Amino acid sequence: MKIIDTHAHIGTSRNTGVTITEDELMGVMHKNSVDAALVMPQPVGYEESCLVHKRIYELSKKNPGMIYGISCVDPWTDEDKFIYETTRCIEEYGFKALKINCHGHNVSPLSALCEKSYKIALRYGLPIVVHTGLGTPVSLPSLVMKPATDYPEIIFILAHAGFALYCDEAMVAASLCKNIILEPSWCQTFMAAQMIKNIGSDRVIMGSDHLTNLPMEILKYHCINITDAEREAVFYVNPKRIFHLDI
Ligand SMILES: [Zn+2]
């Protein structure tokens, strides 16, 4: 069964100070038999995000079919610069999604600052990953319901699906907005099981968020009572469909 990790990072986080290198990421993927990963910068400033995007692109060229990029530019960046870099990620680097890091960049999905991300996602038909959980109130899962309703053509992925504390709220958001997908990294095993049961195995995807968390997130779906077909949907079928991956 193929496995896609939909939430990986390289670079150094200005919030946590954690650094992840290309070699560390590839090493952990090999060790855990992960076939592909969607990789994004940590929450950083504009200049650094541009550098990390380029590193992700170079890594994807070296490892075709294994590494796919997600752009993450600070929404507080000047609109021209934001659009330039995000468009470059999509057109030149072939990135597969945009990320809004509500916590890391201190921005609410309701903010006018996020409109430029929604417009670009709409234009290119790409999904948007939105951080949820830690860092409330801007990271409350329910806030994503407004853009998900305003832009029904865009798929919104709730990264961390409420981060354990707000899992129920993430499930409410997903139950009311069919274009919301749940990625329950850091959530309890029984909550991940409830998401699959209540929202559907076609709308849950696996993400690790951190290298040492990857084996735990894979194991999570082996500890809960789901079928092999549901497991394969979470690990492979859904990410391939949602991010338009060619693997
Ligand atoms: Zn993350």
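Scoring rules and cut-offs
Residues numbered from 1 in each chain as written. Predicted model: local features only at pLDDT ≥ 70, side-chain atom pairs only at ≥ 80, totals over all residues. Heavy atoms only, no water. Phe/Tyr/Trp six-rings, centres within 6.5 Å; stacked < 30°, edge-to-face > 60°. Helix = DSSP H or I, 4+ residues; strand = E, 2+ residues; numbered from the N terminus. Buried < 20%, exposed > 50% of the residue type's maximum accessible area, 1.4 Å probe, protein only. Lys NZ or Arg CZ within 6 Å of the ring centre and 35° of its normal. Pairing = 2+ DSSP bridges. Donors = N, O, S within 2.8 Å, 3.2 Å for Na, K, Ca; no water. Contact = heavy atoms within 4.5 Å. Lys, Arg positive; Asp, Glu negative; His and termini not counted. Salt bridge = Lys/Arg side-chain N within 4 Å of Asp/Glu carboxyl O.

Trainee: I'd love a proper account of the packing of aromatic side chains, names of residues and values included.
Mentor: Considering all chains together, one arrives at six aromatic pairs under this definition. Look at tyrosine 118 and phenylalanine 156: their rings are 5.7 Å apart centre to centre, the planes differ by 65 degrees, and that puts the pair in the edge-to-face class. Taken together, the residues span a long stretch of sequence, with tyrosine 118 in helix α4 (residues 115-124) and phenylalanine 156 in strand β7 (residues 156-159) at a distance of 38 residues. Judged by its relative accessible area of 0%, phenylalanine 156 is buried. Centre to centre, the rings of phenylalanine 163 and tryptophan 186 are 5.9 Å apart; their planes meet at 10 degrees, and the pair counts as stacked. Here phenylalanine 163 is found in the loop between β7 and α6 (167-176), whereas its partner tryptophan 186 is found in the loop between β8 (180-183) and α7 (189-198), with 23 residues between them in sequence. Taking the relative accessible area as the measure of exposure, tryptophan 186 reaches 34% and is therefore partly exposed. Aromatic rings pair up to connect Tyr57, Tyr93 and Phe95 into one cluster. Over the face of the ring belonging to phenylalanine 82 we find lysine 116, whose NZ or CZ atom lies 5.0 Å from the ring centre.

Trainee: Tell me about the pairing of strand β1 (residues 4-12), residues and numbers included.
Mentor: Along a regular strand, successive side chains alternate from one face of the sheet to the other. Of all the nine residues making up β1, eight are buried; the element is thus mostly covered by neighbouring parts of the structure. Strand direction decides the pairing type here: β1 and strand β3 (residues 36-41), joined by five bridges, are parallel. Its bridge partner being in β3, isoleucine 4 is matched across the sheet by alanine 36. Pairing of β1 with strand β2 (residues 19-20) involves two bridges; the strand directions are antiparallel. Following the sheet pairing, glycine 11 is matched in β2 by isoleucine 20.

Trainee: Describe unusual backbone geometry, with residues and values.
Mentor: At the junction of threonine 136 and proline 137, the peptide bond is cis and its omega measures out at 10 degrees in the coordinates. For histidine 160, which is not glycine, the phi dihedral falls at a positive 75 degrees. Tracing the chain through its elements places histidine 160 in the loop between β7 and α6. Of note in the backbone geometry, alanine 164 takes a positive phi value of approximately 70 degrees without being a glycine. Turning to its location among the elements, alanine 164 is positioned in the loop between β7 and α6.

Trainee: Explain the coordination of the zinc ion to me, using residue names and the numbers behind them.
Mentor: Those protein atoms acting as donors to the zinc ion are His7 (NE2), His9 (NE2) and Asp209 (OD), and they sit at 2.0 to 2.1 Å. The motif formed by the donor residues of the zinc ion, counted along the single chain, is H-x1-H-x199-D. One end of the pair, histidine 7, is in strand β1; the other, aspartate 209, is in the loop between α7 and α8 (214-223), with 202 residues separating them in the sequence. Residue classification places aspartate 209 among the buried residues on the basis of a relative accessible area of 15%.

Trainee: Quick rundown of α4? Include the residues and the values.
Mentor: Of all the positions in α4, only Lys116, Ser117, Tyr118, Ile120 and Ala121 are classed as buried. For α4, the elements touching its buried residues are α3 (79-91), β5 (97-100), β6 (128-131), α5 (145-150) and β7.

Trainee: How would you sum up the side chain of lysine 99? Please name residues and give values.
Mentor: By secondary structure assignment, the location of lysine 99 is in strand β5. Buried lysine 99, no salt bridge; nearest opposite-charge side chain is aspartate 209, N-O distance 5.9 Å. Sequence-distant contacts of lysine 99, that is, excluding residues within four places in its chain, are made with His7, His9, Met40, Ile70, Ser71, Cys72, Val129 and His131.

These results come straight from atomic positions and should not be treated as a statement about function.
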